[in-house]
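Each chain, letter by letter, is given below.
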Amino acid sequence: MTVQDHTHVRPWRAIQRRTSRKIRVGSVEVGGDAPITVQSMTNTVTADAAATIVQIRQLEEAGADIVRVSCPDEDSTAAFKTIARAAKVPLVADIHFHYRRGIEAAEAGAACLRINPGNIGSPDRVRDVIRAARDHGCSMRIGVNAGSLERELLERYGEPCPEAMVESALNHARILQDHDFHEFKISVKASDAFMTVAAYQMLAEAIDCPLHLGVTEAGALRTGTVKSSIGIGSLLWAGIGDTIRVSLAADPVEEIKVGFDILKSLGLRHRGVNIIACPSCARQGFNVIATVETLEQRLAHISTPMSLSIIGCVVNGPGEALMTDLGFTGGGKGAGMVYVAGKPDHKMDNERMVDHIVGLVETRAAEIEAAKAAEELAAEVGAAAE
């Protein structure tokens, strides 16, 4: 049950998503009523297929829906076929300047080509890339960045700005549309969150294609997470955005984690255990910070959506536990109260609390997954009977 399921009684939680047309990136739907997807990009040398596959597998385990792989040279597209065959999620081939790389990537199994039609070359070359995408079932992403705008636009506008970014995006989109190709999404990214948000707001009004959100070159793990959360979160809260990439100078797996945390915070999508924890104070009945850090590590393997409250004392603990699947509230004499489905259930010693909570979460996750599997089986049986 997500917060969006309660909007009939809590309208202030409602997010009305912008209506966009739906496209496909391989087996994954993007736009329309499809869930907002989370993606990242490999930073291995693509020609090293084994290393790239290992990193893609790590991203898949973290929950990535789509993974982008750079294809800067012929060795990369040669390896792409092996990489695509091994991947469990659709791959986007990142293409710049060399139109042949786009054709090769489409032939090698790319589900999407990330391009700027304007820097591919002559109209004939653009047409050839579009034909390859159409022949091999590829969609495309038009990727506009404030740092690489066309010279003509920079001269006219004087500097990178939202208007110039949107004009660039629409010009590129028109190239695809003129070739009757409509399976594309667009991004208009800047390292400045203000510019990014303004550009996406303008673009959302100008075209109905899906939008890929991101604040580019956002920074290291902490600062990049903050900046991305402000920019991407503001747009998602306004209903804008169909897929997201959090750009961090960090392990790409962290991008997936932060992406899901942004979506979870807005009630748009849930994956794994959402731990609600107090910042701790002198009232705490146990070490909240150390406990939460340990629980995050030990529950990282749980993908089933679930909420867990870890509160240091009884001031806010019972109230927070009312809203979570499981909870623990610190008390006195080295013990606290365990809550199940919002109600006090039993006491537990602080020393055994972590192991106990991990066990409860794993058991509850197994129950949820079993019930889900039973529902799916019943639906399949019912459909077959019809």
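This text goes with the structure placed above it.
Here the structure is a predicted model, which means the values were calculated and not measured.

Assigned secondary structure in the protein chain consists of 12 helices and 15 strands. For the protein chain, the C-alpha radius of gyration of 23 Å lies close to 21 Å, the compact-globule estimate for 386 residues. Counting only C-alpha atoms, the protein chain reaches 75 × 55 × 45 Å along its principal axes. Taking all 386 residues of the protein chain together, the buried fraction comes to 48%. If you take every contact in the protein chain between residues at least 6 apart in sequence, the share linking residues at least 24 apart comes to 62%. Across the protein chain, the mean location of the 40 positive side-chain charges is 1 Å away from that of the 49 negative side-chain charges.

Turning to the sheet that holds strand β14 (residues 335-340), a few remarks are in order. The sheet built from five strands is open, its strands ordered β11-β12-β13-β14-β15 with mixed pairing. Of all strands in the sheet, those with a lone pairing partner are β11 (273-277) and β15 (343-349), marking the two edges. When the angles between neighbouring strand axes are averaged without regard to direction, this sheet yields 20 degrees. Direction of pairing for strand β13 (residues 326-330) relative to β14: antiparallel, over a ladder of five bridges. Counted as the bridge partner of T329 is M337 from β14. Along the sheet face, helix α10 (residues 288-298) touches β11 and β12 (306-311) and points at about 160 degrees away from the line of β12.

Estimates place the volume of the second largest pocket at around 750 Å³. Forming the walls of the second largest pocket are 24 residues, and the residues nearest its centre are K257, D261, K264, V273 and E296. Elements that contribute at least two residues to the lining of the second largest pocket include exactly α1 (49-62), α8 (221-237), α9 (252-265), β11 and α10. In terms of residue count, the dominant contributor to the lining of the second largest pocket is α9 (seven residues). Residue classes in the lining of the second largest pocket are distributed as 12 nonpolar, five polar and seven charged.

What follows concerns the state of the cysteines. Counted under the stated rule, the structure contains zero disulfides. This cysteine, C112, is not joined by any disulfide, and C138 carries the nearest cysteine sulfur, 7.4 Å off. Residue class for C112 comes out buried when judged on its relative accessible area of 0%. With no disulfide partner, C161 has as its closest neighbouring cysteine sulfur the one in C209, 19 Å distant. The class of C161 is buried, set by a relative accessible area of 11%.

Within the secondary structure, A366 is located in helix α12 (residues 350-385). For A366, a relative accessible area of 46% puts it in the partly exposed group.

Let us look at the side chain of K264. Secondary-structure assignment places K264 in helix α9. Once you skip the residues sitting within four places of it in the chain, K264 turns out to touch R269, H270, R271, V273 and N274.

Further remarks concern the sheet that holds strand β10 (residues 243-245). Backbone-to-backbone hydrogen bonds join strands into a sheet, with any given pair of strands oriented parallel or antiparallel. In spatial order, the strands read β8-β7-β6-β5-β4-β3-β10-β9; together these eight strands make up an open sheet with parallel pairing. Strands at the two margins of the open sheet, each flanked by one partner only, are β8 (184-189) and β9 (212-213). Set on the sheet, helix α7 (residues 193-206) makes contact with β8 and β9; between it and β8 the angle comes to about 145 degrees. The strands touched by α9 are β3 (37-41) and β10; relative to β3, the strand with the most contacts, the crossing angle is about 160 degrees.

To continue, consider α12. For α12, with 36 residues, the first-to-last C-alpha span of 52 Å sits near the 52 Å given by 1.5 Å per residue. Three or more residues of α12 are buried, namely N350, M353, V354, I357, V358, V361 and A365. Each element contacted by the buried residues of α12 is listed here: β11, α10, β12, β13, β14 and β15.

Right, let's get into the nonpolar core. If you look at the biggest cluster of nonpolar residues, it comprises 78 residues, and the most contacted ones within it are L113, M140 and I186. Ignoring sequence-local partners within four residues, the contact set of L113 consists of V92, A93, G102, A105, A106, V129, A133, S139, M140 and R141. Of all hydrophobic cores here, the second largest spans 21 residues; its members include V273, F286, L299 and V358.

Taken together, the side chains of E369, E375, E376 and E380 define an acidic patch exposed on the protein surface. For E369, the location among the structural elements is in helix α12. E369 gets classed as partly exposed once you look at its relative accessible area, which sits at 34%.

About the criteria used
- Residues numbered from 1 in each chain as written.
- Predicted model: local features only at pLDDT ≥ 70, side-chain atom pairs only at ≥ 80, totals over all residues.
- Heavy atoms only, no water.
- Helix = DSSP H or I, 4+ residues; strand = E, 2+ residues; numbered from the N terminus.
- Rg over C-alpha atoms; globule rule 2.2 N^0.38 Å.
- Buried < 20%, exposed > 50% of the residue type's maximum accessible area, 1.4 Å probe, protein only.
- Contact = heavy atoms within 4.5 Å.
- Lys, Arg positive; Asp, Glu negative; His and termini not counted.
- Charge placed at Lys NZ, Arg CZ, Asp CG, Glu CD.
- Pairing = 2+ DSSP bridges.
- Axes fitted to C-alpha atoms, helices over the stretch in contact; angles between N-to-C directions.
- 1 Å grid on protein atoms, 1.4 Å probe; cavity = no way out; pocket = protein on both sides within 12 Å on 5 of 7 lines; lining within 4 Å.
- Points joined across faces, edges and corners; volume = space filled by probe spheres on them.
- Nonpolar A, V, L, I, M, F, W, Y, C, P; charged D, E, K, R; others polar.
- Disulfide = S-S within 2.5 Å.
- Expected span 1.5 Å × (residues − 1).
- Core = buried A, V, L, I, M, F, W, Y, C linked by side-chain atoms within 4.5 Å.
- Patch = residues over 30% accessible without salt bridge, like charges linked within 9 Å, V, L, I, M, F, W, Y side chains within 5 Å.
- Areas by Shrake-Rupley, 256 points an atom, 1.4 Å probe, with all protein chains shown as cover.
- Salt bridge = Lys/Arg side-chain N within 4 Å of Asp/Glu carboxyl O.

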